[in-house]
Amino acid sequence: MTPWYDGPLAAFDAGTTGADVEADRIVSAAIVVQDAAGARPRVTRWLVDPGVPVPPGASAAHGLTDDCLQRKGRWPAPVMAEVARALAEQCGAGRPLAVMDAPSGLTVLDRELRRHRASSLARYLENAPLRVLDPRVLDRHLDRYRKGRRTLADLCDQYGVGAADEQGAAAGALAALEVTRAVGRRFAARLERLSPAELHTLQTEWHAAQARSLQAWFTLGGTPQTVHPAWPLRPALPTAA
């Protein structure tokens, strides 16, 4: 039987105007589908005109400027619906979804759906069970004592995944997919008997434990930063009465 890390996988990534999932906007998104390890990936890309300025730092990260997005980007409302339906299609087909730092990528999509569609990611996925594989959570749990950063670029170096030659959500999604496969292979003895559904449940617990540990470290160092324990999607903030 083919282990999950050699079988069909999908991956999602999004470029945004910043790191605040509650306020920042999506400017690009991509879904990559691969039917088996080594197979040619199928890529779907979206560009979005967010209707707000893109800070220079964000443009430097993903290569998308205000001028580019105003000329080539589409209105957010139809794009968010298309992305959510595409994710639901992959989940409905039984493909696990690789998402680097899932609480950021999936939460910002959920907030955009609420903002532009008066909907939520959960509504689109209500008939499609979500089985997320987050390479950051997996790596932190399986190699917890390794020192150093764990960005996607760092994980690519650590697991021997070639860095993409281009910026953008498609490159990020493909890298997340390949790193997820590489994590599975390196820790096959601990992972191959677990199904993606079982791993999804375990990652909820692992991420919460990782968040508690990081929060304690921030508190000890006097850093005023909150680490959210929810995974793979942060709950929506309560609306004002």
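Just so you know, these numbers come straight off a predicted model, no measurement behind them.

Peer 1: Sorry, what's going on with the pairing of strand β2 (residues 26–34) here?
Peer 2: For a regular strand, side-chain orientation follows a simple rule: the groups alternate between the two sheet faces. Of all nine residues in β2, nine are buried; the element is thus mostly enclosed. Taken together, the eight bridges between strand β1 (residues 9–16) and β2 define a ladder with antiparallel strand orientation. Each bridged residue has a counterpart across the sheet, and for alanine 14 the counterpart in β2 is alanine 29. Pairing of β2 with strand β3 (residues 42–47), which is carried by six bridges, proceeds in the antiparallel orientation. Bridged to serine 28 within β3 is leucine 47.

Peer 1: Please explain the pattern of salt bridges as it appears in this structure.
Peer 2: Side chains bearing opposite charge may pair, as long as their charged atoms lie close to each other. Per the stated rule, a full pass over the model turns up 14 salt bridges. Its salt-bridge partner being aspartate 6, residue arginine 185 comes within 3.2 Å of it at the nearest N-O pair. Placement of arginine 185 in helix α8 (residues 169–186) and of aspartate 6 in the segment before β1 is noted, with a sequence separation of 179 residues between them. Classification of aspartate 6 by relative accessible area gives partly exposed; the value is 25%. The shortest N-O distance in the salt bridge between aspartate 101 and arginine 136 comes to 3.4 Å. A residue pair is termed long-range when its members are at least 10 positions apart, and aspartate 101 in the loop between β4 (97–98) and α4 (102–117) and arginine 136 in helix α6 (residues 135–142) qualify at 35 residues. One salt-bridge network, held together by shared partners, links Glu22, Asp110, Arg111 and Arg114.

Peer 1: In this structure, what is going on with the side chain of histidine 200? I would like to understand it.
Peer 2: Mapped onto the elements, histidine 200 comes out in helix α10 (residues 196–220). In this structure histidine 200 comes out as buried when scored by relative accessible area, which is 15%. Once residues within four sequence positions are removed from consideration, histidine 200 is found in contact with Leu130, Arg131, Val132, Trp231 and Pro232.

Peer 1: Help me understand the packing of α6 against α10, please; the structure alone is not making it clear to me.
Peer 2: Packed helix pairs are specified by the crossing angle of their axes together with the interaxial distance, meaning the distance between the axes. Running from N to C, α6 and α10 cross one another at 70°; their axes reach a closest spacing of 10 Å. With respect to α10, the element α6 is oriented roughly perpendicular. Two packed elements cross with a definite hand, and for α6 against α10 that hand is left-handed. Contacts between α6 and α10 involve Val137, Leu138, Arg140 and His141 from the first element and Leu199, Gln203, Trp206, His207 and Gln210 from the second. The class makeup of the residues in the contact of α6 with α10 is four nonpolar, four polar and one charged.

Peer 1: What's the story with the nonpolar core in this structure? I'm lost.
Peer 2: The tendency in soluble globular proteins is for nonpolar side chains to be buried as a group. By size, the foremost hydrophobic cluster in this structure holds 60 residues, and its most contacted members are Phe12 and Leu109. Ranked by the residues each element gives to this core, the list is headed by helix α3 (residues 76–92), at nine residues. Look past the residues within four positions of phenylalanine 12 in its chain and what remains in contact with it is Ala29, Ala30, Ile31, Val83, Leu87, Leu97, Ala98, Val99, Gly105, Leu106, Leu109 and Ala173. Of all hydrophobic cores here, the second largest spans six residues; its members include Val27, Ala58, Cys68 and Leu69.

Peer 1: It is not clear to me how unusual backbone geometry should be interpreted in this structure. Could you clarify?
Peer 2: As a rule of thumb, non-glycine residues mostly have phi less than zero, and peptide bonds are mostly trans rather than cis. Cis geometry is adopted by the peptide bond preceding proline 232, which originates at tryptophan 231 and carries an omega value of 0°. Along the chain, the position of proline 232 falls in the segment after α10. Unlike most non-glycine residues, aspartate 101 shows phi in positive territory, near 55°. On the basis of relative accessible area, aspartate 101 is assigned to the partly exposed category, the value being 22%. Even without being a glycine, alanine 118 presents a positive backbone phi close to 50°. Its place among the elements puts alanine 118 in the loop between α4 and α5 (121–124). Overall, alanine 118 belongs to the exposed group, its relative accessible area being 63%.

Peer 1: Could you clarify how one ought to interpret the sheet that holds β3 in this entry?
Peer 2: Hydrogen bonds between backbone atoms are what pair the strands of a sheet, whose relative direction is either parallel or antiparallel. If you walk across this open sheet you meet the five strands as β3-β2-β1-β4-β5, and the pairing is mixed. Every interior strand has two partners, whereas the edge strands, β3 and β5 (132–133), have only one. Running over the sheet, α4 touches β1, β2 and β5 and is turned about 70° from β1.

Peer 1: What should I look at first to understand the environment of glycine 73 in this one?
Peer 2: Here glycine 73 lies in the loop between α2 (66–72) and α3. With residues up to four places along the chain from it excluded, the contact list for glycine 73 reads Leu47, Val48, Asp49 and Cys68.

Peer 1: Which parts of the structure should I look at to understand the layout of surface pockets?
Peer 2: Vacant regions in the atomic arrangement are exposed by a probe of water-molecule size rolled over the atoms. One number sums up the size of the largest pocket: a volume of about 1400 Å³. Taken together, 49 residues form the lining of the largest pocket, with Asp13, Met100, Asp101, Ser104 and Arg136 sitting closest to its centre. Among the elements of the structure, β1, α1 (56–62), α4, α6, α7 (152–158), α8 and α10 are those that each provide at least two residues to the lining of the largest pocket. Each residue belonging to the lining of the largest pocket can be placed in one class, and the counts come to 24 nonpolar, 16 polar and nine charged. If you go around the second largest pocket, you meet 14 residues; those closest to its centre are Arg140, Arg144, Gln210, Ser213 and Leu214.

Cut-offs used in this document
Residues numbered from 1 in each chain as written. Predicted model: local features only at pLDDT ≥ 70, side-chain atom pairs only at ≥ 80, totals over all residues. Heavy atoms only, no water. Buried < 20%, exposed > 50% of the residue type's maximum accessible area, 1.4 Å probe, protein only. Helix = DSSP H or I, 4+ residues; strand = E, 2+ residues; numbered from the N terminus. Pairing = 2+ DSSP bridges. Salt bridge = Lys/Arg side-chain N within 4 Å of Asp/Glu carboxyl O. Contact = heavy atoms within 4.5 Å. Axes fitted to C-alpha atoms, helices over the stretch in contact; angles between N-to-C directions. Parallel < 35°, antiparallel > 145°, perpendicular 65-115°, else oblique. Left-handed = near helix turned anticlockwise from the far one by under 90°. Nonpolar A, V, L, I, M, F, W, Y, C, P; charged D, E, K, R; others polar. Core = buried A, V, L, I, M, F, W, Y, C linked by side-chain atoms within 4.5 Å. 1 Å grid on protein atoms, 1.4 Å probe; cavity = no way out; pocket = protein on both sides within 12 Å on 5 of 7 lines; lining within 4 Å. Points joined across faces, edges and corners; volume = space filled by probe spheres on them.

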